[in-house]
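Residue strings, one per chain:
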Amino acid sequence: MIVRSGSARKALCSSRNFSHTIRAPTIREETISSDNQKKSHASSYDLKNRTVYARRNRRILGLVPSRNTYPANDHVICVSYNASVTTVLWLKVAAWFQILPIVWWETARPNRNCGFTAIRAKSKLCAFIFERHGRHARICVKDDGFISDQKSSPLSRKRKVSPPVKEEEKVSQTTSAVITQTPVKRLLTSPRKGKASPKVKEQEEVKETISVTLQTPDKTSLASPRNRKASPQVKEEEVKPMSSVSQSPSKSKGRKRVCAVGPVPEGTVVCDQSSKKWKLVELLWQTELDLTYAVCQANQQAGSNECKYMLRLGAKEGHLFNEQNFHLRAAKPDAVEKWLKLHKLDFLGIPSCVGFGLHEAYRFLVFPSMGQTLQTVMDEGNCTLPEKAVLQLALRLLDALEFIHEKEYAHADIHAGNIYINTDSQTEVFLSGFGHAFRFCPGGKHVEYRQGSRTAHQGNITFISLDSHKGAGPSCRSDLQSLGYCMLYWMTGSLPWSHLSQTSSAIAAEKERYISDIPGLVRCCYKQKKASVALQDYLTNVMSLQYTEKPDYTLLKAGLHESLQKMGGSLKESLNLMHLHREMFGGQWSSSTRLDGKTVLITGANTGIGKETTRDLAKRGARIIMACRDLEKAERAQKEIMEDSGNQNIVIKKLDLSDTKSIREFAELINNEERALHILINNAGIMMCPYSKTADGFEMQFGVNHLGHFLLTFLLIDLLKRSAPSRIINLSSMAHGWGTIALDDINSERNYHSRRAYGQSKLANILFTRSLAKKLKDTGVTAYAVHPGIVRTELKRHMNLGLLIMWKIVRPFTKTSVQGAQTTIYCAVQPELDKESGGYYSNCRPSRCTRAARDDEMAEKLWELSCKMLGIVWD
Ligand SMILES: NC(=O)C1=CN([C@@H]2O[C@H](COP(=O)(O)OP(=O)(O)OC[C@H]3O[C@@H](n4cnc5c(N)ncnc54)[C@H](OP(=O)(O)O)[C@@H]3O)[C@@H](O)[C@H]2O)C=CC1
Ligand SMILES: CC1=C(/C=C/C(C)=C/C=C/C(C)=C/C=O)C(C)(C)CCC1
């Protein structure tokens, strides 16, 4: 529960001034004594799902804003205690370029005894102030970002206990077992470590609010496996993949779910079949089907930190019954021991069940504590994992799979929620959750392939094999294919079917389509990135396995091993589950929102951010109008996107934003031909070009980036209003701070500075968005300004040498076009944004722009000037 030492801090302190870490679990406050200079001290807060870590001696502090609030990746900022000048400078640069999510910070050393560093992240509420009082440091936290004392700290807020689940809510018709894991209190270290201090105990009394999102369980999965009937027909079920944790780890973050069985109060003692008594110390997490507790033997007094065991509790006749049978039949500890010796392995990730039994209407299984699930790790901030870690995981899992397959069982539900990682060693990976395990080879005789012989689509819908979709008994190939899907997903954060809200049979159809097109599958997930050769080989191998074929595990492992070695990795090495670059700078965001029947118009759609935005929205089913000045380039992009998305409803129209005639002709065509326009994305842009003028005599950057889009929006506004709810997205930039609006020399005729002129045009984009929001109030048309991040596109073609050198320096922190497109897509599809208008967004969340960009008076003046320059009247 409480982070004292170990992996959290190790992770936290591992790199330079900033690093990734796994979020600490609970509310904690600690006075850091400066007497103990040699000892390490950790402090952590979970403040309405935000956490601060502080470590004094290594002078590192970190904060992790909550995923509950923000759909995009978490960020970690670590700064020195009493930050040094270098740190502050670094922070300033990082904040200025929005590399880190800092919007405000302050350091001061008013006197020798009291210094502080305060940081405010993009979360509205975060402010952490580190004060030193004599020989002690104290952390104060306050909502509004300014110094507070602990009395006003929201730490005192009470958590509400999850209400018991009503009987009628428990069972209802829904999908096949969609397992979603909710960490009740997030375990960071293995429960074996650490002691709970009295103070901590007190803090633990504070209850967390658990909002109830009912995800009703599958009837069939609650029924005894013996009573389960095979459904001959594949039942068509509406499944929203995003609603399942492992289908989209990022989406489920923080979502609290209620288990089919009501929780048993902590402190309850249960007795297993061998009369051993187990005390439920703490509810760790829950899925729709079961609850996991930290437990200790009843005669021992232990805090949750000392619990060496975990207990899974579910319905008496539910999937735990199947799991219990599996453990009794196939995974006895001595069998595992024997296997280890025979195969000269140092480790085999098969949990040993040390007790099982019934308690009232529940069945429970007890295991030695295995750490935390991979799902939890990913929920804590890793949308994707580094290739090296995925290879390590896969090799460990292949060992486990080879063992269970040899014991005649298929796991049949491989996904991150069923994989545990020992948080102490970080080298031990366990395969758990055998609730769907299937004995495919009873007595050495492989079952015959028969579709519909079992309930179709059982297990986690995103990762189950095609055989499971079809209701055929899963065999070796099912597990290996599922593992392949998992690896792809962990590495890339997507699968062709993972972001679409589809029926289970539609997902099955996608899997069927790709089973014979591995290059296509890999391309679809990796997009423009270089794919892992090892993974591609693995997929090719396992997708071609016959139903009864015995896989060549040695060959499969050799391929992955070779690749791991080439990357300088080994199985002995700790898993590095932190994807630093992606995490901090990637800003990947995911949503299942479909746009079928919607029309999107996007300018500059043939390359860079525009092209990736088009690709994504095309995959969501929208009709797309690509407004481009170069038709040849546009056709190439259109062809590629059509092939990739399967969406043929993508048209190209010529638009040159540097010529008002072209804009008018284009708009006329759209107004005549299109029945509706739901999303207008003013994306095209030009940056820092040598001085030149548009056809109408406007300075090029101001003319294209602002005036061109201003006119286009004006000409399309009635169509947008008629199509409401509709949205306008203006691509601005953090570069809006590089310039001001020179009302008296808007065309930079007296003085041209290419960077400032670009800044002026991007500032104009934000001011235009603000004015639009005001003028379009109550029309159902909303407007958003976006900073996409610093993105590796063709935009920099006019940059001067100095800036290009700078570009090289910041390159490691820049985004790919796919990453750069995420905030635009977010503004285009996120349903809640219907209620917001006029804001500035970056990293898929509201962001802070400069004061000049919030100047409504200037916005009004710019509006008037723009109308005048374009010769239009727009009130
Ligand atoms: N990349 C970055 O780091 C950042 C980008 N932005 C903004 O994001 C937007 C997209 O930029 P990005 O994808 O990076 O840049 P690219 O240069 O890759 O793409 C710009 C697009 O705009 C088109 N375009 C340029 N001039 C005109 C014109 N006169 N008429 C019609 N289309 C035109 C280009 O067409 P063609 O291919 O024919 O040249 C191209 O399709 C821009 O508004 C930019 O200011 C903001 C912050 C940072
Ligand atoms: C100037 C400069 C830098 C580089 C900035 C770059 C490369 C910005 C690119 C911005 C873009 C592309 C904006 C588009 O709208 C550093 C190294 C951060 C630090 C100091 C000054």
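In the block above lies the structure referred to throughout.
Treat the numbers as computed from the prediction; the structure is a model and nothing was measured.

A. How the structure looks around the sheet that holds strand β18 (residues 372-373). Strand order across the open sheet formed by 3 strands is β18-β20-β21, with antiparallel pairing between neighbours. Each edge of the open sheet carries a strand with a single partner, namely β18 and β21 (429-431). Where β18 lies against strand β20 (residues 419-421), 2 bridges are found, and the strand directions are antiparallel. Within β20, the residue paired with T373 across the bridge is Y420.

B. Representation of the site of ligand 1. Lining the immediate environment of ligand 1, one finds 30 residues, of which N606, N683, Y758, V791 and T793 sit closest. At 2.8 Å, a side-chain N or O of N606 approaches an oxygen atom of ligand 1. In the environment of ligand 1, an oxygen atom lies 3.4 Å from a nitrogen or oxygen atom belonging to the backbone of E794. Elements that contribute at least two residues to the shell around ligand 1 include exactly α18 (608-619) and α22 (754-775). Each residue belonging to the shell around ligand 1 can be placed in one class, and the counts come to 11 nonpolar, 12 polar and 7 charged.

C. Focus on unusual backbone geometry. For the peptide bond that leads from A724 to P725, omega is 5°, which places it in the cis range. With respect to the helices and strands, P725 occurs in the loop between α21 (700-722) and β28 (726-731). One non-glycine residue, K344, adopts positive backbone phi at about 50°. Residue placement: K344 occurs in the loop between α8 (333-342) and β16 (355-359). Classification of K344 as exposed rests on a relative accessible area of 74%. Notably, D778 is not glycine yet its phi reads approximately 65°, a positive angle. Within the secondary structure layout, D778 lies in the loop between α22 and β29 (781-787). Judged by relative accessible area, which is 76%, D778 ranks as exposed.

D. Broad picture of the side chain of H327. Following the sequence through the fold, H327 ends up in helix α7 (residues 319-330). When sequence neighbours within four positions are dropped, the list of residues in contact with H327 reads K332, P351, C353, F367 and F434.

E. A look at helix α19 (residues 631-645). The terminal C-alpha atoms of α19, which comprises 15 residues, lie 20 Å apart, in line with the 21 Å expected from a rise of 1.5 Å per residue. Residues of α19 that are buried include every one of A634, A637, Q638, I641, M642 and S645, and no others. Looking down the long axis of α19, one finds its buried residues gathered within 135° of arc, a one-sided arrangement. Facing away from the buried side of α19 by over 90 degrees, the exposed positions are E632, R636, K639 and E643.

F. Structural context of the packing of α21 against α22. Put simply, α21 and α22 touch, their axes get as near as 7 Å, and they point 20° apart. Relative to α22, the element α21 is oriented roughly parallel. Crossing angle aside, the handedness with which α21 passes α22 is right-handed. Contacts between α21 and α22 pair Q701, F702, N705, H706, H709, F710 and T713 from the former with S754, A757, Y758, Q760, S761, K762, A764, N765, F768 and L772 from the latter. Of the residues in the contact of α21 with α22, the class split is 7 nonpolar, 9 polar and 1 charged.

G. The arrangement of the sheet that holds strand β25 (residues 623-628) in detail. Strand order in the open sheet formed by 8 strands is β26-β25-β24-β27-β28-β29-β30-β31, and the pairing between neighbours is mixed. Looking along the sheet, the strands with just one partner apiece sit at the ends: β26 (650-654) and β31 (845-846).

H. Molecular detail of a nonpolar patch on the surface. There is a patch of nonpolar side chains on the surface, built from L801, I805, M806 and I809 and spanning about 440 Å² of accessible area. In this fold, I805 is placed in helix α23 (residues 801-810). With relative accessibility at 47%, the residue I805 sits in the partly exposed group.

I. Broad picture of helix α25 (residues 856-870). With 15 residues, α25 should cover 21 Å at 1.5 Å per step; its first-to-last C-alpha distance of 21 Å lies within 8% of that length. The N-terminus of α25 is capped by D855, whose side-chain oxygen sits 3.1 Å from the backbone nitrogen of E857. Downstream of α25 by one or two residues, G871 has phi in the positive range, about 70°.

J. Representation of the packing of aromatic side chains in the model. Going through the model one piece at a time under the given rule, you end up with 19 aromatic pairs. When the centroid spacing of 5.1 Å and the interplanar angle of 85° are considered together, the rings of F326 and Y409 count as edge-to-face. Placement of F326 in helix α7 and of Y409 in strand β19 (residues 409-410) is noted, with a sequence separation of 83 residues between them. Comparing F326 with Y409, the two get one shared label, buried.

K. Broad picture of the environment of K277. Positionally, K277 belongs in strand β13 (residues 277-286). For the pair formed by K277 and G355, sequence separation is 78 residues and the distance between their alpha carbons is 9.6 Å. Apart from the residues within four sequence positions on either side, K277 is in contact with V269, V270, C271, C296, Q297 and A298.

L. Structural detail: the pairing of strand β17 (residues 362-368). Judged by how many residues are buried, β17 sits mostly within the fold: 6 of 7 residues are covered. Where β16 folds back on β17, the antiparallel hairpin that results is connected by 2 residues, among which E360 adopts a positive phi of roughly 50°.

M. Highlighting a positive patch on the surface. Among the surface-exposed residues, R629, K633, R636 and K654 lie close enough to one another that they form a single positively charged patch. Inspection of the secondary structure assignment puts R636 in helix α19.

N. Up close: the pairing of β13. With respect to burial, β13 is a largely interior element, 8 of its 10 residues being buried. As defined by bridge partners, strand β12 (residues 269-271) adjoins β13 across 3 bridges and the pair is classed as antiparallel. From the neighbouring strand, V269 faces β13, where its bridge partner is K279. Between β12 and β13, which follow one another and run antiparallel, lie 5 residues, and S275 among them has a positive phi close to 65°. Two elements, β13 and strand β14 (residues 290-297), share 7 bridges in a ladder whose sense is antiparallel. Residue pairing in the sheet places W278 in a bridge with Q297 of β14.

O. Molecular detail of the environment of S465. With respect to the helices and strands, S465 occurs in the loop between β22 (438-439) and α11 (466-469). Each C-alpha atom of the pair S465 and L480 lies 8.6 Å from the other, and the pair is 15 residues apart in sequence. Ignoring anything within four residues of it in the chain, the contact list for S465 reads S478, Q481 and S482. Reaching out from S465, the side chain makes a polar contact with the side chain of S478 at a distance of 3.3 Å.

Conventions used here
- Residues numbered from 1 in each chain as written.
- Chains lettered and ligands numbered in written order.
- Predicted model: local features only at pLDDT ≥ 70, side-chain atom pairs only at ≥ 80, totals over all residues.
- Heavy atoms only, no water.
- Pairing = 2+ DSSP bridges.
- Helix = DSSP H or I, 4+ residues; strand = E, 2+ residues; numbered from the N terminus.
- Near = heavy atom within 4 Å.
- Polar contact = N/O pair within 3.5 Å; in protein donor to acceptor, adjacent residues only side chain to side chain.
- Nonpolar A, V, L, I, M, F, W, Y, C, P; charged D, E, K, R; others polar.
- Buried < 20%, exposed > 50% of the residue type's maximum accessible area, 1.4 Å probe, protein only.
- Contact = heavy atoms within 4.5 Å.
- Expected span 1.5 Å × (residues − 1).
- Arc of directions from axis to C-beta.
- Axes fitted to C-alpha atoms, helices over the stretch in contact; angles between N-to-C directions.
- Parallel < 35°, antiparallel > 145°, perpendicular 65-115°, else oblique.
- Left-handed = near helix turned anticlockwise from the far one by under 90°.
- Patch = residues over 30% accessible without salt bridge, like charges linked within 9 Å, V, L, I, M, F, W, Y side chains within 5 Å.
- Areas by Shrake-Rupley, 256 points an atom, 1.4 Å probe, with all protein chains shown as cover.
- Salt bridge = Lys/Arg side-chain N within 4 Å of Asp/Glu carboxyl O.
- Phe/Tyr/Trp six-rings, centres within 6.5 Å; stacked < 30°, edge-to-face > 60°.
- Lys, Arg positive; Asp, Glu negative; His and termini not counted.
- Charge placed at Lys NZ, Arg CZ, Asp CG, Glu CD.

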